Amino acid sequence: MQEAYDFKRFGWQGFIFKIPRNCRFIAESGSINSGFMRFDAGKLYFEIKWEPLTGKVETPLKIAENFVQKLKKKMKLKALKYKKGLLHVNGHNAVFIYFTTDLANKFIIWSCKE
């Protein structure tokens, strides 16, 4: 059964978005140009990372595929079970990756020119 969340608005360095009400802002680094934020809400932990788009910008799908390959190499695995798909985030095309391991991990990747 999927757990329902009550959301609140959160703003930092020009970003405004909704997070679960019981979510704690636990770490941040960087500036408006590049950096990350981490949040914890018990069973839910997530990180938001941003960096400028420079030079040739790869598609979210290519970034996701490269991420999986690097993770397999780092973990010294021949195969890594995961699912991937497409979705929309605030009007942007995005890719999600869901790893089907002991610890379920989900990643959503998109690029925005704004």
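These numbers come from a predicted model, not from an experiment. (Residues numbered from 1 in each chain as written. Predicted model: local features only at pLDDT ≥ 70, side-chain atom pairs only at ≥ 80, totals over all residues. Heavy atoms only, no water.)

Enquirer: Give a detailed account of the pattern of salt bridges, specifying residues and quantitative values.
Expert: As enumerated under the stated definition, the model contains five salt bridges in all. The salt bridge partner of Asp6 is Arg21, with a shortest N-O separation of 2.8 Å. Here Asp6, found in the segment before strand E1 (7-12), pairs with Arg21, found in the loop between strand E2 (15-20) and strand E3 (24-30); they are 15 residues apart in sequence, far enough to count as distant. Arg21 gets classed as partly exposed once you look at its relative accessible area, which sits at 46%. Where Glu47 meets Arg38, a salt bridge forms, and the shortest distance between an N and an O atom there is 2.5 Å. A relative accessible area of 39% places Glu47 in the partly exposed class. With relative accessibility at 27%, the residue Arg38 sits in the partly exposed group. (Salt bridge = Lys/Arg side-chain N within 4 Å of Asp/Glu carboxyl O. Helix = DSSP H or I, 4+ residues; strand = E, 2+ residues; numbered from the N terminus. Buried < 20%, exposed > 50% of the residue type's maximum accessible area, 1.4 Å probe, protein only.)

Enquirer: Account for the sheet that holds E3, naming residues and giving values.
Expert: Across the sheet, three strands lie side by side as E3-E4-E5; this open sheet has antiparallel pairing. In the strand order of this sheet, the two ends are held by E3 and strand E5 (44-50), each with one partner. Taken pair by pair, the neighbouring strands of this sheet meet at an average axis angle of 10°, ignoring direction. Pairing geometry for strand E4 (residues 35-41) and E5, over seven bridges, is antiparallel. The residue bridging Phe36 from the neighbouring strand is Lys49, located in E5. (Pairing = 2+ DSSP bridges. Axes fitted to C-alpha atoms, helices over the stretch in contact; angles between N-to-C directions.)

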